[in-house]
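Examining the three-dimensional arrangement
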Amino acid sequence: MPSSTAHVATDRPERYIKQLVSHLGNKATTELSSDGRGTVTLRHGGCVLAPAGDHLRLIATAADTEALAGVQDVVTRHLLRFATREELRVEWTAPLRGDDMQIIDPVVEDYVLTHCTPADELLRDLVNATREATGDAAGMQISHDEGALLTMLVRMIGARRAIEVGVFTGYSALCIARALPADGLLLACDVSEEWTSIALPYWRRAGVADRVDLRIGPALDTLRALPAEPAFDFAFIDADKVNYPAYYEEIVPRLTTGGLIVLDNVFQGGRVFDPAFQEDNQVAMRRMNEIVLGDDRVESVMLPVRDGVTLVRKR
């Protein structure tokens, strides 16, 4: 399902949104939210209309490029018709599929990596060991800036007990365990003895091996075997995407008030934005994102960090 955007310079974006939503409501399904965001749903596609300071942001989506052109035409014609007091320019970007999206521009990525606390020798050694031992699978390891974020979050909330679902070679576990107090505990769940064995010497070198309780086996079995009462302050979920909703439902009741869950890969490389992608991982992640949004036990924020990270705080 391709999408296209346009940024229209105007000092009256809210007025145009109201006019478009009202007028097109006669031939389409429309909605105007309290924050001024409008949506127009046509037969073969739709458009989001959002005020953004001194311009109007348009996001059109449709089933195919021909239908997308039709959505663009409808929105553009009506917008220009309403612009009697100024000359608007509506220039749409080329159609883009979900898997063509570049979530982070390489320039931004490089700048981010060079403007956070640098990785120390131990973390760099683990990255190199992972690359040598796992080859192409090394891409499953989180980036340094995301690891630094995990460390900072654990320290900020003063977590003492944490859960990790999906250890791989132990980089994220190391980032979390280092931020725990000396008597803290990280329950680390994974199914691979081969990959987690790479982590063990680095946990020992960091002096945190006694804080990590590594459980090899299906994470759902490990989580369900835990006492039901709230006992953990922090959780990081970065494992098989299909089971994200199940992991989440097991962890939330076991999280203390004010405890934090970090969900990784919530964008699925941009595919989660595009309904045309219906593989199990994408369907599960869309479901996960909707579950969090509708869960009154928590408050959440989704961040465009790497492949998307959602922070979920238990009320």
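Residues numbered from 1 in each chain as written. Predicted model: local features only at pLDDT ≥ 70, side-chain atom pairs only at ≥ 80, totals over all residues. Heavy atoms only, no water.

As annotated in an unreviewed UniProt entry, the protein carries the name DUF2218 domain-containing protein and comes from Nonomuraea mangrovi.

Focus: the nonpolar core
As a reminder, the rule being used: What is meant by a nonpolar core is a set of buried Ala, Val, Leu, Ile, Met, Phe, Trp, Tyr and Cys residues, joined one to another through side-chain atoms within 4.5 Å. Exposure classes here rest on a 1.4 Å probe applied to the protein chains alone. A residue is buried below 20% of its type maximum, exposed above 50%, and partly exposed in between. To qualify as a helix, a DSSP run of H or I must reach at least 4 residues; to qualify as a strand, a run of E must reach at least 2; elements of each kind are numbered from the N terminus. Contacts between residues were defined by any pair of non-hydrogen atoms, one from each residue, lying within 4.5 Å.
With 34 residues, the main nonpolar core has Ile 176, Leu 186, Trp 203, Phe 234 and Val 262 as its most contacted residues. Residue assignment for this core shows that the elements contributing at least two residues are helix 4 (121–134), helix 5 (144–157), helix 6 (171–179), strand 7 (185–190), helix 7 (193–206), strand 9 (232–237), strand 10 (255–264) and strand 12 (309–314). Other than its neighbours up to four places away in sequence, Leu 186 contacts Ala 162, Ile 163, Glu 164, Ala 173, Ile 176, Ala 177, Leu 180, Arg 211, Val 212 and Asp 213.

Some words on helix 6
Most of helix 6 is tucked away, with eight of its nine residues classed as buried. Residues of helix 6 that are buried include every one of Tyr 171, Ser 172, Ala 173, Leu 174, Cys 175, Ile 176, Ala 177 and Ala 179, and no others.

Structural notes on the side chain of Ser 172
Secondary-structure assignment places Ser 172 in helix 6. Residue classification places Ser 172 among the buried residues on the basis of a relative accessible area of 4%. Those residues in contact with Ser 172 that lie beyond four places of it in its chain are Ile 142, Leu 150, Glu 164, Gly 166, Val 167 and Phe 236.

Some points on the pairing of strand 2 (residues 29–32)
Heads up, the condition is: Here, a strand pair is defined by DSSP locating no fewer than two bridges between the strands.
Bridging between strand 2 and strand 3 (residues 38–41) involves four bridges; their strand directions are antiparallel. Considered in strand 3, the bridge of Thr 29 is made with Thr 41. Linking strand 2 to strand 3, which pair antiparallel, is a turn of five residues; within it Gly 36 sits at a positive phi near 90°.

What about a nonpolar patch on the surface?
Spelled out, the test is: Patches in this entry comprise residues that are over 30% relatively accessible and not in a salt bridge; like charges within 9 Å are linked, as are nonpolar side chains (Val, Leu, Ile, Met, Phe, Trp, Tyr) within 5 Å. For accessible areas, the Shrake-Rupley method is used with a probe of radius 1.4 Å. Any residue's cover is judged against the shown protein chains and nothing else. Every case where a carboxyl oxygen of Asp or Glu lies within 4 Å of a side-chain nitrogen of Lys or Arg is listed as a salt bridge.
Taken together, the side chains of Met 152, Met 156 and Ile 157 make up a nonpolar region of the molecular surface, amounting to roughly 320 Å² of accessible area. For Met 156, the position within the fold is in helix 5.

Description of the packing of aromatic side chains
Note the following rule: Aromatic contacts are taken between Phe, Tyr and Trp rings whose centres are within 6.5 Å, Trp giving its six-membered ring; a plane angle under 30 degrees counts as stacked, one over 60 as edge-to-face, and the others as tilted.
Per the counting criterion, the structure on display carries two aromatic pairs. Look at Phe 168 and Trp 195: their rings are 4.9 Å apart centre to centre, the planes differ by 85°, and that puts the pair in the edge-to-face class. Of this pair, Phe 168 sits in the loop between strand 6 (161–165) and helix 6 while Trp 195 sits in helix 7, and the two are 27 residues apart along the sequence. When the centroid spacing of 5.1 Å and the interplanar angle of 55° are considered together, the rings of Phe 267 and Phe 273 count as tilted.

With respect to helix 9 (residues 244–251)
Summarising burial for helix 9: six of the eight residues are buried, a large majority. All of the buried residues in helix 9 are Tyr 244, Pro 245, Tyr 247, Tyr 248, Glu 250 and Ile 251.

Let's talk about the domain arrangement of the protein
Quick reminder of the rule: For the domain bounds, the source is a domain assignment made automatically or taken from a database.
Domain annotation for the protein reports domain 1 (3–96) and domain 2 (108–314). Placing the centre of domain 1 and that of domain 2 at their C-alpha centroids yields a distance of 38 Å.

Overview of the pattern of salt bridges
Per the stated rule, a full pass over the model turns up 16 salt bridges. Among the salt bridges present, the one from Arg 77 reaches Asp 73, with a minimum N-O distance of 2.9 Å. In this pair, Arg 77 and Asp 73 are both assigned in helix 2 (residues 65–82), four residues apart and thus about one turn of the helix distant. Taking relative accessible area as the criterion, Arg 77 reaches 38% and is therefore assigned partly exposed. For Asp 73, a relative accessible area of 39% gives the class partly exposed. Asp 145 is the salt-bridge partner of Arg 306, the closest N and O atoms lying 2.8 Å from each other.

Re the pairing of strand 10
Two faces make up the sheet, and in a regular strand the side chains alternate between them. To keep things clear, this is the line we draw: Handedness rule for crossovers: strands pointing away from the viewer, path from the first strand over the helix to the second running clockwise, crossover right-handed.
Of all the ten residues making up strand 10, eight are buried; the element is thus mostly covered by neighbouring parts of the structure. Looking at chain direction, strand 9 and strand 10 are connected through five bridges and run parallel. By the bridge assignment for strand 10, Phe 234 is matched with Leu 260. For the crossover from strand 9 across helix 9 to strand 10, the handedness is right-handed. Bridge count for strand 10 against strand 12 is five bridges, and the pairing is antiparallel. Within strand 12, the residue paired with Leu 260 across the bridge is Arg 313.

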